[in-house]
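Survey of secondary and tertiary structure
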Amino acid sequence: MWRAVRDHRLGVKFRRQVPIGPYFADFVCVARKLVVELDGGQHAEPTRYEEERARVIAVNGYRVLRFWNNDVMDNLDGVVEAIRLALEA
């Protein structure tokens, strides 16, 4: 995933493992206030921790796109296109 979004490949800068409040976001475009999160099976059921984390990220003005790890592995082009569309919105 990092290879697909790094070095302004989508026309904007992404950073990895960015702190937002006490939490870390997987990939962040600060200029567009967009967070991209990759989730494994452990995230199938939302927990209180995940709900609070999402609230803190939103309060800081970020939109969040979530993708399952297997989507990235099986359909990276589709994931990148979804990110591109979100950046244009």
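Residues numbered from 1 in each chain as written. Predicted model: local features only at pLDDT ≥ 70, side-chain atom pairs only at ≥ 80, totals over all residues. Heavy atoms only, no water.

With that settled, the discussion passes to the overall build of the protein. For the protein, the count of helices and strands is 4 helices and 4 strands. Going from N to C terminus, the protein has its helices and strands arranged as α-β-β-β-α-β-α-α. The C-alpha atoms of the protein give 13 Å as radius of gyration, which agrees with the globular expectation for 89 residues (12 Å, within 12%). For the protein, the C-alpha atoms occupy an extent of roughly 35 × 30 × 20 Å along the three principal directions. For the protein, the proportion of its 89 residues judged to be buried stands at 37%. In the protein, the proportion of contacts linking residues at least 24 apart, taken out of those at least 6 apart, comes to 54%. As displayed, the protein offers around 5,700 Å² of accessible surface, 50% of which is attributable to carbon and sulfur atoms. Between the centroid of the 14 positive side chains of the protein and the centroid of its 13 negative side chains there is a distance of 9 Å. (Helix = DSSP H or I, 4+ residues; strand = E, 2+ residues; numbered from the N terminus. Rg over C-alpha atoms; globule rule 2.2 N^0.38 Å. Buried < 20%, exposed > 50% of the residue type's maximum accessible area, 1.4 Å probe, protein only. Contact = heavy atoms within 4.5 Å. Areas by Shrake-Rupley, 256 points an atom, 1.4 Å probe, with all protein chains shown as cover. Lys, Arg positive; Asp, Glu negative; His and termini not counted. Charge placed at Lys NZ, Arg CZ, Asp CG, Glu CD.)

Looking now at the environment of L87. Within the element layout of this structure, L87 appears in helix α4 (residues 76-88). The sequence separation of L87 and K33 amounts to 54 residues, and the corresponding C-alpha distance is 9.2 Å. The contact partners of L87, leaving out residues within four places of it in the chain, are L10, V12, F14, C29, R32 and L34.

All right, on to the pairing of strand β3 (residues 34-39) then. The buried fraction of β3 is high, at 5 of 6 residues. With 3 bridges connecting them, strand β2 (residues 23-29) and β3 associate as antiparallel partners. By the bridge assignment, F27 is partnered in β3 with V36. Counted along the chain from β2 to the antiparallel partner β3, the turn is 4 residues long, and its residue K33 has a positive phi close to 55°. Of the pairings in the sheet, the one linking β3 to strand β4 (residues 63-68) comprises 6 bridges and is parallel in character. (Pairing = 2+ DSSP bridges.)

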